[in-house]
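What the coordinates show
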Amino acid sequence: MKIQPVSVNAVTRGPKHHFFGFHDLCPWDASGRYMLAMETDFIDRPPGADDKARICVIDTSDSNKLSVVAETAAWNFHQGARLQWLPNDPENIIYNDRNEDGKLISVVFNVRAKEKVRELEYPIYAISPNGDFGLGLDFERLGQYGGYGYALVGGKGLPIPRGSDDPFYVEKSTGIVRVELNTGKAEIILSTYEAAIFKNSRRENEHHTLTHFAFNPSGSRICFIDKFRLPDGGFLNRFITANPDGTDLYCVPVHASHFDWRNDTEILCYGKFSPKMTALRKAGIFKNPLLSPLLNVARKLRGSFKQKIAGQGYLLLTDRSQKVGRIATGVMTEDGHPQFSPDRKWVITDTYPDKNHKRTLILFDWENQKRIDLGKFKSLPEGLATDWDLSEMRTDLHPRWDRAGESVCFDSVHEGSKQMYVVDLSKIVNNQINEP
């Protein structure tokens, strides 16, 4: 596919590494002048509990001047410290950190005064659209059971709770936590155990974790992933929606990886819609040594083969409905990190590395169902092992729209270090140029 010529400009520079993180947040403030970033000295190993990353603000009106304003000991390379601007509060940001005792917390910070406003007693993941509360999760448990979590203090496993012989004790004491931003008060609104047994005949050793919380545009519903290990060694990501208080759960019948709300009722995701195959895997049929090679072959499929054989692709889900529609079949064939433009007319997404260690940045015209490739970017810096770009240290592009819907920011290592880049898409989205 032809590449659409666009201007790609670095907004950070080495020798230190800079990134923003996941595709579900916006690095720009409400004015569009300032951007958030994280800074670290290394990218060749996972961060430990004692490793600090720096919280930075970029002034795009002053030659992209970068100022370090704080630091954090609660972060990873994919989602950072869940650093984000607070809605309706142009001077305050929030990010996760550890207190003096090593306990995970979140911090509200004023970037103008460069001072901490308050500490909240629990780490956050997502903030409600009106900015009055956040949803937090157990990042240490998430990291231990196969998600984007945080390192354990001392590098040891999570302690086994005393005084309980209930095998689900931990799942009943963790889950989705509501965090009040004004007071810092935190309380569980939905336990991991409650989500795990919802519409699911669970096994004792599934080790469920909840992750990827997202509010719909109005804040009236949330969605999240219930992730657990299958008998064949793979993971199942059950996709669940709920009210923001943890009630009225609904399980949408897909295995989902990445997603974004299109509106208050529809969700675009990359995933797999094959209920019969999911049931067979959950029953453990692929533990059979005669059948397990078939599963390994399916995992290695790419592109249209994976869509046709494994049922994977971009799907349009409807909340509280079993309706699942396929989007851009044969056009958008790879897993990526989609985000709708503010006007919902465009989707920006990416791909994982191809055989040549390159990732593709993709713009998708929703109305006309047309794909526009914006560039291919090297995903493996010189001197690192060839499997680095499939590891937890890798740099996914994770493209994010600005608030005007005319530019996109992404992270990349194609120039040798991990940096943030901005692509001006104003002429394309405003129909001022012809697409290739």
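Residues numbered from 1 in each chain as written. Predicted model: local features only at pLDDT ≥ 70, side-chain atom pairs only at ≥ 80, totals over all residues. Heavy atoms only, no water.

Section: the sheet that holds strand β15 (residues 222-229)
Through backbone hydrogen bonds, the strands of a sheet pair up, either in parallel or in antiparallel fashion. Sheet architecture is open: 7 strands sit in the order β14-β15-β16-β17-β18-β19-β20, paired in antiparallel fashion. Both edges of this open sheet fall to β14 (209-215) and β20 (324-327), since each of them pairs with a single strand only. Within this sheet the neighbouring strands show an average axis-to-axis angle of 50°, counted without direction. Taken together, the 4 bridges between strand β16 (residues 235-242) and strand β17 (residues 250-261) define a ladder with antiparallel strand orientation. Residue pairing for β17: arginine 238 is matched across the bridge by histidine 255. (Pairing = 2+ DSSP bridges. Helix = DSSP H or I, 4+ residues; strand = E, 2+ residues; numbered from the N terminus. Axes fitted to C-alpha atoms, helices over the stretch in contact; angles between N-to-C directions.)

Looking at the sheet that holds strand β26 (residues 407-412)
Read across the open sheet, the 4 strands follow the order β1-β27-β26-β25; overall the sheet is antiparallel. What marks the edges here is a single partner per strand, and that holds for β1 (8-10) and β25 (400-401). Bridge analysis of β1 against strand β27 (residues 419-424) gives 3 bridges, and the strand direction is antiparallel. When the bridges of β27 are listed, asparagine 9 appears paired with valine 422.

A closer look at the side chain of serine 106
Structurally, the position occupied by serine 106 is in strand β8 (residues 104-110). By relative accessible area, serine 106 is classed as buried at 0%. A polar contact of 2.7 Å, which involves the side chain of serine 106, links it to the backbone oxygen of tyrosine 122. Excluding residues that lie within four positions of it along the chain, serine 106 makes contacts with Ile94, Tyr95, Asn96, Arg118, Glu119, Leu120, Tyr122, Pro123 and Ile124. (Buried < 20%, exposed > 50% of the residue type's maximum accessible area, 1.4 Å probe, protein only. Polar contact = N/O pair within 3.5 Å; in protein donor to acceptor, adjacent residues only side chain to side chain. Contact = heavy atoms within 4.5 Å.)

A word on the pairing of β17
The buried count for β17 comes to 10 of 12 residues, which makes it a mostly enclosed element. Across 6 bridges, the pairing between β17 and strand β18 (residues 266-272) is antiparallel. Paired with histidine 255 across the strands is lysine 272, a residue of β18.

Section: unusual backbone geometry
Of the consecutive residues glycine 14 and proline 15, the connecting peptide bond is found in the cis state with omega at 15°. If you check the backbone angles, asparagine 88 has positive phi at about 60° while not being a glycine. By the element assignment, asparagine 88 lies in the loop between β6 (84-85) and β7 (92-98).

Considering the packing of aromatic side chains
Applying the stated criterion across every chain, the model contains 19 aromatic pairs. Consider the rings of phenylalanine 377 and phenylalanine 410, whose centres lie 4.9 Å apart with planes at 50°: the pair is tilted. Taken together, the residues span a long stretch of sequence, with phenylalanine 377 in strand β24 (residues 370-378) and phenylalanine 410 in strand β26 at a distance of 33 residues. For phenylalanine 377, a relative accessible area of 7% puts it in the buried group. A relative accessible area of 0% means that phenylalanine 410 is categorised as buried. Put simply, the rings of Tyr125, Phe139, Tyr150, Phe213 and Phe224 touch in pairs and so form one group of aromatic residues. The ring of tyrosine 125 carries arginine 82 above its face, with NZ or CZ at 3.8 Å from the centroid. For the cation-ring pair, lysine 227 lies above phenylalanine 235, with the distance from its terminal atom to the ring centre recorded as 4.6 Å. (Phe/Tyr/Trp six-rings, centres within 6.5 Å; stacked < 30°, edge-to-face > 60°. Lys NZ or Arg CZ within 6 Å of the ring centre and 35° of its normal.)

Here's the deal with the layout of surface pockets
Roughly 1000 Å³ of volume is contained in the second largest pocket. What lines the second largest pocket is a set of 39 residues, among which Asp24, Leu25, Cys26, Gln339 and Arg403 lie closest to the centre. Looking at the lining of the second largest pocket, the elements that each hand over two or more residues are β6, β10 (126-127), β14, β17 and β21 (339-340). The leading source of residues in the lining of the second largest pocket is β17, at 5 residues. (1 Å grid on protein atoms, 1.4 Å probe; cavity = no way out; pocket = protein on both sides within 12 Å on 5 of 7 lines; lining within 4 Å. Points joined across faces, edges and corners; volume = space filled by probe spheres on them.)

Some details on the pattern of salt bridges
Overall, the coordinates contain 23 salt bridges when judged by the stated rule. When the shortest N-O distance is used, the salt bridge between arginine 54 and aspartate 41 registers 2.6 Å. Taken together, the positions of arginine 54 in strand β4 (residues 53-59) and aspartate 41 in the loop between β3 (34-40) and β4 put the pair 13 residues apart, joining distant regions of the chain. (Salt bridge = Lys/Arg side-chain N within 4 Å of Asp/Glu carboxyl O.)

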